[in-house]
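# Descriptive structure summary
Below, each chain spelled out in residue letters.
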Amino acid sequence: DAGVIQSPRHEVTEMGQEVTLRCKPISGHNSLFWYRQTMMRGLELLIYFNNNVPIDDSGMPEDRFSAKMPNASFSTLKIQPSEPRDSAVYFCASSFMTGETQPQHFGDGTRLSIL
Amino acid sequence: AQKITQTQPGMFVQEKEAVTLDCTYDTSDPSYGLFWYKQPSSGEMIFLIYQGSYDQQNATEGRYSLNFQKARKSANLVISASQLGDSAMYFCAMREPNDYKLSFGAGTTVTVRA
């Protein structure tokens, strides 16, 4: 079975450019999560979708960040304009249901570097 | 307050030996889930094992097992017969009802020596 698929694996771009990260969740999973991992703050939840609807985006750092989930098999996280402090590893994760018994399955992550 | 505490930043273990990674958690909910993830140097996050708060038995998954002590609020991961490929960062995480996100610990780096 295919896991969570993220693209690109690595992205290096200059400050001010738009960055789009992509995610395909596991088929049949109805919950999707975007996390960011940095050395200073560890893993932080950015946004959570349930059945393609954004439920909680309180973790999104600022208006430069936006996320969409147009259908059950695709989500994007966009940063515009990007800044050096956005450099991090961004993970997409999905789970079958929302609940404390359900593991979240992570993609391989996108390592983002903003110069 | 920190929900998940992993007090061991790094550990060394000899190949074929067992290693125990500590994890303590803090919650007032009677129902919760505990998870362990492995993050090798290549960066991906791999789900290893799950323990539910109401589970009577310790979870096991191949060479991974959980030493779950509910009264002490600890969920230590035991890796038996360590292999070189076990070298990675290991994260303990908790999920509470009505809180869809995972709360992660700071992680423990395990280095397996030949």
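In short, a report on the structure.

What counts and how
- Residues numbered from 1 in each chain as written.
- Chains lettered and ligands numbered in written order.
- Predicted model: local features only at pLDDT ≥ 70, side-chain atom pairs only at ≥ 80, totals over all residues.
- Heavy atoms only, no water.
- Phe/Tyr/Trp six-rings, centres within 6.5 Å; stacked < 30°, edge-to-face > 60°.
- Helix = DSSP H or I, 4+ residues; strand = E, 2+ residues; numbered from the N terminus.
- Buried < 20%, exposed > 50% of the residue type's maximum accessible area, 1.4 Å probe, protein only.
- Contact = heavy atoms within 4.5 Å.
- Buried area = accessible area lost by both parts, 1.4 Å probe.
- Salt bridge = Lys/Arg side-chain N within 4 Å of Asp/Glu carboxyl O.
- Polar contact = N/O pair within 3.5 Å; in protein donor to acceptor, adjacent residues only side chain to side chain.
- Core = buried A, V, L, I, M, F, W, Y, C linked by side-chain atoms within 4.5 Å.
- Pairing = 2+ DSSP bridges.

## As for the packing of aromatic side chains
A complete count under the given rule lists 13 aromatic pairs over all chains for this structure. Between the aromatic rings of Phe91(A) and Phe106(A), the centroid separation amounts to 5.8 Å while the plane-to-plane angle is 80 degrees, which identifies the pairing as edge-to-face. Remark: Phe106(A) occurs in strand β10 (residues 105–106) and Phe91(A) occurs in strand β9 (residues 88–95); sequence separation between them is 15 residues. For the pair Phe91(A) and Phe106(A), a shared accessibility class is recorded, and that class is buried. Geometrically, the ring pair formed by Phe106(A) and Tyr37(B) is edge-to-face, given 5.3 Å between the ring centres and 80 degrees between the ring planes. On the criterion of chain membership, the pair formed by Phe106(A) in strand β10 and Tyr37(B) in strand β5 (residues 33–39) is interchain, its members lying in two chains. Accessibility classification places Phe106(A) together with Tyr37(B) in one group, the buried group. Through successive ring pairs, a cluster of aromatic residues spans Phe33(A), Tyr35(A), Tyr48(A), Phe91(A), Phe106(A), Phe35(B), Tyr37(B), Phe47(B), Tyr50(B), Phe91(B) and Phe104(B).

## Concerning the interface of chain B and chain A
Each partner contributes residues to the interface: chain B has 20 residues there, and chain A has 23 residues. Of the roughly 1,700 Å² buried at the junction of chain B and chain A (both faces included), carbon and sulfur atoms supply 57%. By the criterion of area lost to chain A, the three top residues of chain B are Met45(B), Arg95(B) and Tyr100(B), representing 39% of everything that side buries. On inspection of chain B and its partner chain A, the count reaches 0 salt bridges. The tally of links from chain B across to chain A stands at 5 residue pairs in polar contact (both at pLDDT 80 or more).

## A few points about the nonpolar core
In terms of nonpolar packing, the biggest core is built from 25 residues, with Leu21(B), Tyr25(B), Trp36(B), Ile49(B), Leu77(B) and Tyr90(B) touching the most fellow members. Elements supplying a minimum of two residues to this core: β2 (10–14), β3 (19–21), β5, β6 (46–52), β8 (64–69), β9 (74–79), β10 (88–96) and β12 (108–113) of chain B. Among the elements that take part in this core, β10(B) stands out by supplying 4 residues, more than any other. Counting residues in hydrophobic clusters, the runner-up holds 21 residues, among them Val19(A), Ala67(A), Ala88(A) and Leu112(A).

## Topic: the pairing of β2(B)
Residues and elements named next belong to chain B. Burial along β2 is one-sided: Met-11 and Val-13 are buried, while Gly-10, Phe-12 and Gln-14, pointing the other way, are not. Bridge count between β2 and β12: 5 bridges; the pairing is parallel. In the sheet register, Met-11 faces β12, and the bridge partner there is Val-110.

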